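In case you want the letters, here they are:
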Amino acid sequence: IYYKLFNTKDFDESKLRYSFSDLSKLLEKFIIARELEKNKIKENLLLLEFYKANDIEKYFNQCFDETSKSLDAKSKDSDYYFNKYLIEEILFNYSSVKRDKSLDDVLQHVADNLDTYYFSKKLKFYCEMYTRQNFLNSNYQTKFLREILDHVELTGYEEHPAIIVYYYVLKTLTDETQESNYYKLLELLDKN
């Protein structure tokens, strides 16, 4: 391989190792590019950051609209709220730089989407913890569980299946005596 690459008879092992290292880095960049092509939302997030950083407002707005429409066409799972949070945070940061007061309500959307993402993921992991605890005798600390359950009960979150489904899964796992939780869960799963 060395002789084919460098067309010389003097072998230099370190030169070959550096070439392999450079090739590995190129391969990793290729893998990243291929993976990005599979995920249009991540691609657009990078574009939005570029347009924001370079203050290219026309393309920023077009990309933001396209990304929002693409996201809204997807199911509203926890990843939806995470991506929604990311694009609206970029919009908020851009509007702050532009001092555009008309976008002040975006800050509320950023906070709401972050909360929805956090609660849905946290409830999902609580469900996994209780499942493993019940079947594998694992032991986990469920920090903030009571606070999150109280918050979901207070707020409702009926319009957020990513939260309310996991809420009822958790209620079913933690309180086997309340059959109503199980039937509400079945209803939600059927609906969503």
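It should be noted that the structure appears before, not after, this text.
Q: Is there a simple way to think about the overall build of the protein chain in this case?
A: The helix and strand inventory of the protein chain stands at 9 helices and 0 strands. Here the protein chain has a C-alpha radius of gyration of 24 Å; the compact-globule value for 192 residues is 16 Å, and the former is much larger. Viewed in the frame of its principal axes, the protein chain has a C-alpha envelope of about 80 × 55 × 30 Å. Burial analysis of the protein chain (192 residues in total) assigns 28% to the buried set. By sequence separation, contacts in the protein chain at least 24 residues apart represent 48% of the contacts at least 6 residues apart.

Q: Explain helix 6 (residues 106-136) here, please?
A: In an α-helix, one turn spans 3.6 residues; hence positions three or four apart end up facing the same way. Spanning 31 residues, helix 6 covers 44 Å between terminal C-alpha atoms, matching the ideal 45 Å at 1.5 Å per step. For helix 6, the full list of buried residues reads Val-106, Val-110, Asn-113, Thr-116, Phe-119, Ser-120, Lys-121, Leu-123, Tyr-126, Cys-127 and Tyr-130. Where helix 6 is buried, its residues meet helix 5 (78-98), helix 7 (145-155) and helix 8 (161-174).

Q: Mind showing me how you'd approach the pattern of salt bridges here?
A: Once the charged atoms of two side chains with opposite charge are near each other, the side chains can pair. Throughout the structure, instances matching the rule amount to 11 salt bridges. Linking Glu-153 and Arg-146 is a salt bridge whose minimum nitrogen-to-oxygen distance equals 3.7 Å. Overall, the relative accessible area of 40% leaves Glu-153 in the partly exposed class. Overlapping salt bridges bring together Arg-146, Asp-150, Glu-153 and Lys-171 as one network.

Q: For this particular structure, what's the right way to read unusual backbone geometry?
A: In terms of backbone geometry, most residues other than glycine have negative phi values and most peptide bonds are trans. The phi dihedral of Phe-144 is positive, around 65°, even though this residue is not glycine. Looking at the secondary structure, you find Phe-144 in the loop between helix 6 and helix 7. A positive phi is found at Tyr-157, a non-glycine position, where the angle reads about 55°. On the secondary structure map, Tyr-157 appears in the loop between helix 7 and helix 8.

Q: I would appreciate a short explanation of the packing of helix 3 (residues 40-53) against helix 4 (residues 57-72) in the present structure.
A: When two helices pack together, their arrangement is given by the angle between the helix axes and by the axis-to-axis distance. With their axes 9 Å apart at the nearest point, helix 3 and helix 4 run at an angle of 155° to one another. The orientation of helix 3 relative to helix 4 falls into the category roughly antiparallel. Where helix 3 crosses over helix 4, the handedness of that crossing is left-handed. From helix 3, Lys-40, Ile-41, Asn-44, Leu-47, Leu-48, Tyr-51 and Lys-52 reach across to helix 4, where they touch Tyr-59, Phe-60, Cys-63, Phe-64, Glu-66, Thr-67, Ser-70 and Leu-71. In terms of residue class, the contact of helix 3 with helix 4 is made up of 9 nonpolar, 3 polar and 3 charged.

Q: What exactly am I supposed to notice about the packing of helix 8 against helix 9 (residues 179-191) here?
A: Where helix 8 contacts helix 9, the two axes come as close as 9 Å, and the packing angle between them is 150°. Viewed along their axes, helix 8 and helix 9 adopt a mutual orientation that is roughly antiparallel. For the pair helix 8 and helix 9, the sense of crossing is left-handed. Of helix 9, the residues touching helix 8 (which contributes Ile-164, Val-165, Tyr-168, Val-169, Lys-171 and Thr-172) are Asn-181, Tyr-182, Lys-184, Leu-185, Leu-188 and Leu-189. Among the residues forming the contact of helix 8 with helix 9, the class breakdown is 8 nonpolar, 2 polar and 2 charged.

Q: Would you take a moment to explain the packing of aromatic side chains for this structure?
A: For any two aromatic rings, the description comes down to two numbers: the centre-to-centre distance and the angle of the planes. Taken as a whole, this structure holds 14 aromatic pairs when the rule is applied. Aromatic pair Phe-82 and Tyr-117: ring centres 4.6 Å apart, planes at 40°, arrangement tilted. Of this pair, Phe-82 sits in helix 5 while Tyr-117 sits in helix 6, and the two are 35 residues apart along the sequence. Taking the relative accessible area as the measure of exposure, Phe-82 reaches 30% and is therefore partly exposed. When the ring of Phe-119 is compared with that of Tyr-157, the centres are 6.0 Å apart and the planes differ by 70°; the resulting orientation is edge-to-face. With a gap of 38 residues between them, Phe-119 in helix 6 and Tyr-157 in the loop between helix 7 and helix 8 connect regions that are remote in the sequence.

Q: Can you help me understand the side chain of Ser-95 in this one?
A: Among the secondary structure elements, Ser-95 is positioned in helix 5. Here the side chain of Ser-95 touches Phe-92 through a polar contact of 2.8 Å, landing on its backbone oxygen.

Calculation notes
Each chain has its residues counted from 1, following the order in which its sequence is written. It should be noted that, the model being predicted, local features are given only for residues of pLDDT at least 70 and side-chain atom pairs only at 80 or more, the latter also being counted only at that level, while totals for whole chains, interfaces and linings use all residues. With hydrogens and water excluded, all non-hydrogen atoms of the structure serve as input to the side-chain values. Where helices and strands are cited, they refer to DSSP runs of H or I of at least four residues and of E of at least two residues respectively, numbered from the N terminus. Here the globule rule is a power law, 2.2 Å times the number of residues to the power 0.38, and the radius of gyration is based on C-alpha atoms. When a residue's accessible area, from a 1.4 Å probe over protein chains only, is under 20% of the maximum for its type it is buried; when over 50% it is exposed; and in between it is partly exposed. Throughout, a contact is declared for two residues whenever any of their heavy atoms are within 4.5 Å. Helix span is expected to be 1.5 Å times the residue number reduced by one. One speaks of a salt bridge when a side-chain nitrogen belonging to Lys or Arg is within 4 Å of a carboxyl oxygen belonging to Asp or Glu. Here an axis means a line fitted to C-alpha atoms, over the contact stretch when the element is a helix, while the angle between two N-to-C directions is reported on a 0 to 180 degree scale. Note that the term roughly parallel is reserved for angles under 35 degrees, roughly antiparallel for angles over 145, roughly perpendicular for angles of 65 to 115, and oblique for everything else. The crossing is said to be left-handed when, going from far helix to near helix, the turn is anticlockwise and less than a right angle, and right-handed when the turn is clockwise. Polar here means any residue outside two lists: the nonpolar Ala, Val, Leu, Ile, Met, Phe, Trp, Tyr, Cys and Pro, and the charged Asp, Glu, Lys and Arg; Gly therefore counts as polar. In this analysis, rings of Phe, Tyr and Trp, with Trp reduced to its six-membered ring, are considered paired at centre separations within 6.5 Å, and the interplanar angle assigns stacked below 30 degrees, edge-to-face beyond 60, and tilted for intermediate values. Polar contacts here mean pairs of N or O atoms no more than 3.5 Å apart (in protein, one a potential hydrogen donor and the other a potential acceptor; neighbouring residues in sequence count only if both atoms are side-chain atoms).

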